[in-house]
Amino acid sequence: MFSNLQDKLDRAFKVLKGQGNITEINVAETMKEIRKALLDADVNYKTAKSFTDEVRTKALGQNVLTSISPGQLLTKIMSDELTNLMGGSVTELEITKNPTVILIAGLNGAGKTTFSGKLANFLREQKGKKPLLVAGDVYRPAAIDQLEVLGQQVGVPVYVDRASEDPIAIAVAGVAEAKRNGNNVVIIDTAGRLAIDEALMVEITAVKEATQPHEILFVVDSMTGQDAVNTAKAFNDRLDFTGVVLTKLDGDTRGGAALSIKSVVNKPIKFIGTGEKMEALDVFHPDRMASRILGMGDVVSLVERAQQQFDEKEAAELQKKIRKNKFDFNDFKSQIQQIKKMGNMKDLMGMIPGVGKAIKDIEIEDDAFKPIEAIIDSMTPYERQNPDVIDQKRRVRIAKGSGTNIDEVNKLMKQFGDMRKVMKQMSNPGMMSKMMRNMPKSPGKPF
């Protein structure tokens, strides 16, 4: 995500490295590079120019403290201005009405139906809502089937009327169905359309008028860059939508849509999609995104994703097992499953400060855990519960059964054993205290 922009901004900041102060000349040179980086990222020209002008104004005349460099000062100013450019603060979804009606709009292929399923999952799991999905796309083959499959995956009912080809009637009937069944949120998935297709634009405007939605979310494929922003403006002129959703941010996106859309249409980005999984949906935080664009990571979002997946009761039970040295391969596999639900592995690692740049050229497959899971699945239930009984003979059998080799099994067994030791030490306050006392002390700096 934004790796090319990140690299070019890094190069721009190098102009100020080693400089003792900020001057007209070095700031002008840096701003020129930053503007080029933004334009290469497909940011709207007017947005890029006004952004760099604002950064330049704030940078000039600033006194550089002895504790920070001009480059660090400019990074701080850039972070603040990027945050403002993308909206400044989080804009929450309006879901207080009963039922709240949410209309989903956008171009063909932007990911509206997938987002509808993700949003239903988010509202059910994170907000305690009882959503209903409405299949309002009567034009795309298999669109209704896709929404039904997604509904089953996330445990949300889907209103379908296969006999009707009238999206307006379907939407109205879907809202009525929600009221009858006590669903407090209605998510209406609509067909993709082009802004130049007058008949379809009239149709979705009629759906809006008939259902009076509390939220209209415009779904944008972030990989389309500036085109997405132009399309958003055309749709906003007709629908006056309440927020933007950026999808496919886990792909090779240049960042133009995320950086331009707020300034062009003056509507907030509310969600970002970061993968195909139903859990891969994040509330958009401008400050965190600015931090990631500048290569500073996003630990807060990483922790939040972990909190969403890890159950407190399960964690307490696991802690007891670790203290008793009873952590087994069933527990290990369960932890792997929870990590996988957190999203794309490269995206997760990129949230750790400093790691994003280090792994930008490294391919990290989402199925990296598959060999480990195959090895664990090839163990008997008794072996998974009692790892210490797995001798060399059992390891050979496990290797054959998992399609791996004995070296891979031995490696996993060693790593698992080392991990159990560390986990047991960390769960024992007395042991941790002893380890701290035995750590080498710096001269003149006692613990």
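Predicted model only: the values in this text are computed from it and were never measured. Along each chain, the written sequence defines residue order, and numbers are assigned to residues from 1. Selection of residues for local features in this predicted model requires a pLDDT of at least 70, selection of side-chain atom pairs for listing and counting requires 80 or more, and totals for whole chains, interfaces and linings are taken over all residues. Side-chain metrics in this entry use all non-hydrogen atoms of the structure; hydrogen atoms and water are not considered.

## Digging into the UniProt feature "domain: SRP54-type proteins GTP-binding" (unreviewed entry) in the chain
Those places that UniProt annotates as "domain: SRP54-type proteins GTP-binding" (unreviewed entry) correspond, in this numbering, to residues 268–281. Every helix listed is a DSSP run of H or I at least four residues long, and every strand listed is a run of E at least two residues long, numbered separately from the N terminus. In the segment residues 268–281, helix accounts for 0% and strand for 43%; the C-alpha atoms at its two ends are 16 Å apart. UniProt positions are given in the numbering used here, feature names are shortened, and annotations may be inferred rather than shown by experiment.

## Focus on the environment of Val283
Tracing the chain through its elements places Val283 in strand β8 (residues 281–283). Exposure categories follow from relative accessible area, calculated using a 1.4 Å probe and restricted to protein chains: below 20% of the type maximum is buried, above 50% is exposed, and the middle band is partly exposed. With relative accessibility at 23%, the residue Val283 sits in the partly exposed group. C-alpha separation for the pair Val283 and Val245, spaced 38 residues apart in sequence, amounts to 9.5 Å. Excluding residues that lie within four positions of it along the chain, Val283 makes contacts with Val90, Phe122, Lys270 and Phe271. Two residues form a contact once any of their heavy atoms are found within 4.5 Å.

## Let's talk about the pairing of strand β4 (residues 185–190)
Most of β4 is tucked away, with six of its six residues classed as buried. Alternating positions in β4 separate into two faces, Val185, Ile187 and Asp189 on one and Val186, Ile188 and Thr190 on the other, with burial throughout. Bridge count between strand β1 (residues 100–106) and β4: five bridges; the pairing is parallel. Bridge pairing in β4 places Leu103 opposite Ile188. Pairing between two strands is assigned when DSSP locates at least 2 bridges connecting them.

## Section: the packing of aromatic side chains
Between rings of Phe, Tyr and Trp, where Trp is taken as its six-membered ring, a pair exists when centres lie within 6.5 Å; planes separated by under 30 degrees are stacked, by over 60 edge-to-face, and by other angles tilted. Going through the model one piece at a time under the given rule, you end up with eight aromatic pairs. When the ring of Phe115 is compared with that of Phe271, the centres are 6.0 Å apart and the planes differ by 55 degrees; the resulting orientation is tilted. You can see Phe115 sitting in helix α5 (residues 112–126) and its partner Phe271 sitting in strand β7 (residues 269–273), a full 156 residues away along the chain. Across the pair, exposure class does not vary: Phe115 and Phe271 are buried alike. With a centroid separation of 5.3 Å and an interplanar angle of 80 degrees, the aromatic rings of Phe122 and Phe271 are classed as edge-to-face. Here Phe271 lies in strand β7 and Phe122 lies in helix α5, a separation of 149 residues in the sequence. The burial state of Phe122 is the same as that of Phe271; both residues are buried. Over the aromatic face of Phe241 sits the side chain of Lys267, whose NZ or CZ is 5.4 Å from the ring centroid. Two conditions define a charge sitting above a ring: the NZ of Lys or the CZ of Arg must be within 6 Å of the ring centre, and it must be within 35 degrees of the ring normal.

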